[in-house]
Structure formats: structure tokens, C-alpha cells
Number of protein chains: 2
Amino acid sequence: MTPTIGVFDSGFGGLTVLRALVARLPHAQFAFLGDTARLPYGSKSRRTIARYAAESAQFLVHKQGAEFLVIACNTASALALDAIQAAVPVPVLGVIEPGAEAARAASRTGDVLVIATDATVQSHAYAAACRALGLRALEKACPLLVPLVEEGWTSLPDYSAAVAVPDAAQAAPAPPQVAVTSEVVRIYLAELTADAAALVLGCTHYPLLRPLLEAAVPPGMRVIDSAEAAAETAARLFGQLASERPPFEKDSEQDPSAPNHGKIRCFATDSVEKFERLGSRFLGRSVGTVELVDLGG
Amino acid sequence: MTPTIGVFDSGFGGLTVLRALVARLPHAQFAFLGDTARLPYGSKSRRTIARYAAESAQFLVHKQGAEFLVIACNTASALALDAIQAAVPVPVLGVIEPGAEAARAASRTGDVLVIATDATVQSHAYAAACRALGLRALEKACPLLVPLVEEGWTSLPDYSAAVAVPDAAQAAPAPPQVAVTSEVVRIYLAELTADAAALVLGCTHYPLLRPLLEAAVPPGMRVIDSAEAAAETAARLFGQLASERPPFEKDSEQDPSAPNHGKIRCFATDSVEKFERLGSRFLGRSVGTVELVDLGG
């Protein structure tokens, strides 16, 4: 039987991680939960986030049969990875360590910039993960970028396009909405003056801004997507763990848009309509029917 | 004994309503609750918002002895006023009707523009309240304005300055952060082409943008602050109800900054530190020590 991978986020930004996972594990089954009734985690305390995240993880493991869990949420990875690992009996992978590892591979100088939400920055989880790898991280909270992405003021209609044509932002004059987002990015990055070789996107919403960010960073600075990095690590790890089950392994001949790819079921704790409407921008295809679940609280 | 007025918001934006109340009822006692563990209400369903708001109202009435309740939150007023009134045995006033009434006084044409959060607009509560008064309302969701205010990208350091010197925005060249907010305001208002005489601020964060909004609206269009309108109505209503208690009535000789003004106690369900740090911008003075409360969930 094909194993189920549980993917968890406080909202639907983590669909960028799911999208990257599907591309690498096209035959796996996926159950995605967005805890939309209690988002955003970014403005809440560690204690509260840990409780919410543990309840969400238990839903994916005990109710959906997930055998592996990817925490596709930087805030929950930063503040609650231990609590989640203690709450469920399956392997759990966050996005912080994979992001830091990808930064090490890209950074020649040892200096890394990290942009993220307030809560992720205040946790200094990226700084700790980078330090463990011998890197120095300069972290910067960018609270306006998530609402700008959710408002759709990006240069590209969805994450799929952001991945496929990173130079499309320069192709046509930007509408005023995109010019606002470019200016916000410029203001935030202007406060990061370190001589770094890599900029880590420490929030799962940020991949939709990748073209704008690549246009704004100095020449030679690499933009590292934690969503891609986490999916890469997850595919390797889960591939090892499930090596007895051939259909689970990556099939490079498989077209992810073909109808026989792995099944995705999406769950949300509230605002199912908004999830269905905006989720496709992050997943790069329709999220289908989103099922409402009640975790209490 | 001086009566206690309970003031409730999902966050701390409602402190603009509390500030306007304190100016009109300087001797009253106030208990303010921000349900910060569960904000923002704006992205949640009516059922969830009603439950959260009723629990919050019950805390203010049963635990803090509030004899009157002001719902200083447009989303909760729009979606949960009935549920709150059913949950507590004291008079409850929302911000929607007072805002609509102030718009009627200001609008010669009968057309009114309303800017608010997504949830408030989708509820069409302002449209209904305006229709009941013979007005036509054109509603527009402006999801970026709350995060811009919380990021501090406003022309003025706090609400106090916004009220005192509405022309200060033009006094000096705007820093790039304020220019971004001005451009966002311009983009949002450009989509509102109705020949209206009044623009209603249907979110308690928006008073901090009042100078930018007044600079952006066409000449002759009045900007109506629901926070001020609700405080005006509350002072009149509560003054009548408490007319047997002279210290409760407005004393125009009283300096609200004097040490013997009415006592304010602030409570929050999470993120007390952020409340204390940002709340003063909205209240126009220090919020003091914010007490953490657990409403469950």
C-alpha cells in the first residue's frame, strides 16, 4: 500500500511545500491540514503554538493514517517541533534544518540572510540551525509579505509560474500593486546590509515572491527556498524509510499533471472557501474539495 | 460606585474606541479584553467568531463586572452582535450602527463608501445598516491596511497625533515606508469610483491612517471614524443609563491625562508583550501592565 505523508501548516502557505513534495514523490498519498481556525501562529506564544500544532499532528497521524509528517510551517517548525515529535509516533521533519543546510551549500562567505515572520525571527531557530552548521545568520522579520501574497499583489499568478519562469517579473511593466510589493521588498532588504551569499526564504508564502526577491538581491546572492529544501530532504528520508515499497519512490518519468499521480486530500479547520480559492496559487493546481475538520478550541 | 464599561476586540485595534470613550467618560472604569490568542477574527467563519466573542463578553461581564459592553471590533459587531447580546445580561453596543449614523449625518448624496476587513465586507453589515438609514453603501475590503498599521508604516507615531494634527502628513517629505502606505491607500481608493460624500473607516486600526486617507480622498469627502462615532453613541447611552451616578457623567473640565482619571485594566488571551508594545499607539498613552487570561480553546 502507498504510504500517506501528512503535511501540516497553520494556513495554506505550506501548500508550496506540498507542491515540491508531489514533484519528488508523485506516487505517494498526501493529507494536508491547514489549521486555519487558529492562524496565524506567527503572533502567538510558544505554549499556544505547541498545543495547536500537536493537536493538528495527531489528527493527521491518528485520523488520516499519516506515516510521515512534514511540518510545512516555519513558525511551527521553529517553536513546536519537539512538542510535535513528542505527540506522535512517526518521523517528523520541519523546514528549518533543510533550509539551513541548503544555505550552507550556497553560502561561500559563511554569512546567511533569513527573512521570515515575526515569531520565526523571535525564536531565532534559523540562527541556531545555521550556527550548528558553522554559519552566521542575520534574521529579519517581514510582516507585510504574507498579506501582500494573500492579496495577490505578486508578479506571477501562482507558485508554478514562479518556479518555471523566474525572470518573468522583468518582462512587462509592473502594475502599481506589484510595484508596491517590489518597494516593500526593497525597504526590507535595504535594512540587511551584511555581505552574505544567500537569502533564505523562511516562510512558506515567500516562494510566490521569488522573482521579485531575485530581482532585488545583489548580484551573486542566491535565494534559497526552504519549501524546496524541505521537500528534497523529505523525499530522501522517506524514500529510505519506505525503500521496501517501490511505488513510493520517485519516478522521474512520471508527469505530475497526469491523472494517475498520488492522491491529495486537503483539510482545514475553518474558512474552507478561502482555502479552495487561494490554495491553488500555492499548490500550482486546484486543491479540490477541502474538508472541514473540528479540532476543538 | 463607578460603573465598569467592558470593551472587547479580537486584538488591540479596539483601543482606538477605548481612547475615544475615555475622552468622553473620563471617570468611568474600563476593562478592555483583546482576544489575541484567536485573532484575527476577520478570516474566520461566523460560527467560530460568535463563539469566541460570546466567551470574551462573558469574561468581561461575569469576571470583571462590566455593566455595559462596547464591541470595539467591526468583525465581531458585524457577525456576532446578536450572539453576544444573547450571551450576557447587560446592554451591548457595536460599532456598525454608530458608524452608519455618522455617515448619514455627513453624506449629502446618500452614497457612502466603507473600507474594512474582508470578513466585515463579506458580512455586508455596513450595507445593511446604511440601507436601514436610507443610504447606499459601497464596501471595499482593504486587507493590507491592518498589517501596515501594525508595522508602524504610518505618517504619525500614534492615534493621539492622528487626532490632534491631521495635516501633519504633509509637513515633511514622507519616508519610503509611509510612501508605500500612501500608494496602497491610493490603489484601494482608486477602485472606489462612486460619487460619495463620506468614507467610513470600518476597522478600528484605520484611525491611525486618517491623515493619509484624508489626503487621498477627493475634496469635500468626509472621513468618518467608526471608533469616534461608537464612543459618542456609547457615552450618550451609558450616560442615560447611569444618570443616577454623577461621577460617571462627562466632566468637560477633566483632563484625561491627569492621574485621577478613570482606571483602565487591559486583558489579553495571548501575546501580552506585543499588546503592551503596540497598544500605546492606539490608546494614545501607555496601556500599563496587560493581564493574561485563558478563555480555553
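Residues numbered from 1 in each chain as written. Chains lettered and ligands numbered in written order. Predicted model: local features only at pLDDT ≥ 70, side-chain atom pairs only at ≥ 80, totals over all residues. Heavy atoms only, no water.

Novice: Explanation requested: the sheet that holds strand 7 (residues 198-201) of chain B in the structure shown.
Specialist: Hydrogen bonds along the backbone pair up the strands of a sheet, which may run parallel or antiparallel. Residue and element names in this part refer to chain B. What the four strands build is an open sheet, ordered 6-5-7-8; its pairing is parallel. The open sheet is flanked by strand 6 (136-141) and strand 8 (222-225), the only strands paired with a single partner. Pairwise comparison of adjacent strand axes, ignoring direction, gives a mean angle of 25 degrees for this sheet. Of the strands in this sheet, strand 5 (111-116), strand 6 and strand 7 are in contact with helix 6 (residues 125-132), which crosses strand 6 at around 165 degrees. Strands in contact with helix 11 (residues 226-241) are strand 7 and strand 8; relative to strand 8, the strand with the most contacts, it is inclined by about 55 degrees. (Pairing = 2+ DSSP bridges. Helix = DSSP H or I, 4+ residues; strand = E, 2+ residues; numbered from the N terminus. Axes fitted to C-alpha atoms, helices over the stretch in contact; angles between N-to-C directions. Contact = heavy atoms within 4.5 Å.)

Novice: Teacher, can you tell me more about the interface of chain A and chain B here?
Specialist: One frequent convention defines the size of an interface as the accessible area lost when the parts assemble. Listed as interface residues are 32 residues of chain A and, on the opposing side, 32 residues of chain B. Surface buried jointly by chain A and chain B totals about 2500 Å² across both partners, of which 55% is contributed by carbon and sulfur atoms. The interface formed by chain A and chain B contains zero salt bridges. Along the contact surface separating chain A from chain B lie six residue pairs in polar contact (both at pLDDT 80 or more). For the side of chain A that touches chain B, the secondary-structure elements that each account for two or more residues are helix 2 (46-63), helix 7 (145-150), helix 9 (176-190) and helix 12 (272-283) of chain A. Residue contributions to the side of chain A that touches chain B peak at eight residues, all from helix 9 of chain A. For the side of chain A that touches chain B, the class distribution of residues is 14 nonpolar, eight polar and ten charged. (Buried area = accessible area lost by both parts, 1.4 Å probe. Salt bridge = Lys/Arg side-chain N within 4 Å of Asp/Glu carboxyl O. Polar contact = N/O pair within 3.5 Å; in protein donor to acceptor, adjacent residues only side chain to side chain. Nonpolar A, V, L, I, M, F, W, Y, C, P; charged D, E, K, R; others polar.)

Novice: Would you take a moment to explain the side chain of S10(B) for this structure?
Specialist: Along the chain, the position of S10(B) falls in the loop between strand 1 (4-9) and helix 1 (15-24). If sequence neighbours within four positions are ignored, S10(B) has contacts with G34(B), D35(B), T36(B), L39(B), Y41(B) and C73(B).

Novice: Explanation requested: the environment of L15(B) in the structure shown.
Specialist: Residues and elements named next belong to chain B. With respect to the secondary-structure elements, L15 resides in helix 1. In this structure the C-alpha to C-alpha distance between L15 and L237, which are 222 residues apart in sequence, comes to 20 Å. Once you skip the residues sitting within four places of it in the chain, L15 turns out to touch F32, C266, F275, G279, F282, L283 and V287.

Novice: Help me out: how do you make sense of empty space enclosed by the protein in this one?
Specialist: Empty space among the atoms can be located by rolling a probe the size of a water molecule over them. Following the criterion strictly, the structure yields two cavities of 30 Å³ or more and no others. Of the volumes computed, that of the largest cavity is approximately 40 Å³. Around the largest cavity sit F12(A), T36(A), L39(A), S271(A), K274(A) and S43(B), which together line it. Here the residues of the lining of the largest cavity sort into two nonpolar, three polar and one charged. Looking at the second largest cavity, its volume works out to about 30 Å³. Where the lining of the second largest cavity is concerned, the elements lending two or more residues are helix 9 of chain A together with helix 9 (176-190) of chain B. For the lining of the second largest cavity, a count of residues per class yields eight nonpolar, no polar and no charged. (1 Å grid on protein atoms, 1.4 Å probe; cavity = no way out; pocket = protein on both sides within 12 Å on 5 of 7 lines; lining within 4 Å. Points joined across faces, edges and corners; volume = space filled by probe spheres on them.)

Novice: Looking at this model, I keep getting lost on the packing of aromatic side chains. Mind explaining?
Specialist: Given two aromatic rings, one states the distance between the centres and the angle between the planes to describe the pair. All names here are of chain B. Scanning all chains against the criterion turns up 16 aromatic pairs over all chains. A ring pair is formed by F12 and F282, whose centres lie 5.4 Å apart and whose planes are at 65 degrees; its orientation type is edge-to-face. You can see F12 sitting in the loop between strand 1 and helix 1 and its partner F282 sitting in helix 12 (residues 272-283), a full 270 residues away along the chain. As far as the burial class goes, F12 and F282 line up, both buried. (Phe/Tyr/Trp six-rings, centres within 6.5 Å; stacked < 30°, edge-to-face > 60°. Buried < 20%, exposed > 50% of the residue type's maximum accessible area, 1.4 Å probe, protein only.)

Novice: Before we go on, may I ask you to explain the relation of the copies chain A and chain B in this structure?
Specialist: There are two copies of the chain, and a rotation about an axis plus a shift along that axis relates them. Mapping chain A onto chain B calls for a rotation angle of 180 degrees and an axial translation of 0.0 Å; the resulting RMSD is 0.0 Å. Here the two chains are linked by the operation of a two-fold rotation axis. Looking at the interface residues of chain A, 100% of them are also at the interface in chain B, so both copies use one shared face. (Least-squares fit on C-alpha atoms with pLDDT ≥ 70 in both.)

Novice: Would you take a moment to explain the sheet that holds strand 1 (residues 4-9) of chain A for this structure?
Specialist: Residues and elements named next belong to chain A. Reading across from one edge, 4-3-1-2-9-10 is the order of the six strands in this open sheet, with parallel pairing throughout. Pairing within the sheet leaves two strands with one partner each, and these edge strands are strand 4 (92-93) and strand 10 (290-292). The sheet contact formed by strand 1 and strand 2 (residues 29-34) spans six bridges and is parallel. The residue bridging T4 from the neighbouring strand is Q29, located in strand 2. Helix 2 contacts strand 1, strand 2, strand 3 (68-71) and strand 9 (264-268) of the sheet and is inclined by roughly 160 degrees relative to strand 1. Across the sheet, helix 3 (residues 74-87) is in contact with strand 1, strand 3 and strand 4; its angle to strand 3 comes to roughly 155 degrees.

Novice: I keep staring at the pattern of salt bridges and nothing clicks. Help me out?
Specialist: For side chains bearing opposite charge, pairing can occur when the charged atoms are close. Residues and elements named next belong to chain A. Across all of its chains, the model carries 24 salt bridges over all chains by this definition. Across the salt bridge formed by E183 and R186, the nearest N and O atoms sit 3.0 Å from each other. With E183 and R186 both in helix 9 and three residues apart, the pair spans about one turn of that helix. Relative accessible area serves as the criterion here: at 23%, E183 is assigned to the partly exposed category. Taking the relative accessible area as the measure of exposure, R186 reaches 42% and is therefore partly exposed. Salt bridges here are not isolated pairs; linked through shared partners, they connect D35, R38, R51 and E55.

Novice: Would you mind going over the side chain of T154(B) with me for this structure?
Specialist: As for its position among the elements, T154(B) is in the loop between helix 7 (145-150) and helix 8 (159-164). Setting aside residues no more than four positions away along its own chain, T154(B) makes contact with V149(B), V178(B), L208(B) and L209(B).

Novice: Can you walk me through the packing of helix 2 (residues 46-63) of chain B against helix 3 (residues 74-87) of chain B in this structure?
Specialist: For any two helices packed against each other, the geometry is given by the interaxial angle and the distance between the axes. Residue and element names in this part refer to chain B. In contact at an axis separation of 8 Å, helix 2 and helix 3 are set at 55 degrees when each is read in the N-to-C sense. The angle between helix 2 and helix 3 falls in the class oblique. Crossing angle aside, the handedness with which helix 2 passes helix 3 is right-handed. Two secondary-structure elements touch here, helix 2 through R46, I49, A50, A53, A54, A57 and Q58 and helix 3 through T75, A76, A78, L79, A80, A83, I84 and A87. In the contact of helix 2 with helix 3, the residues fall into twelve nonpolar, two polar and one charged. (Parallel < 35°, antiparallel > 145°, perpendicular 65-115°, else oblique. Left-handed = near helix turned anticlockwise from the far one by under 90°.)

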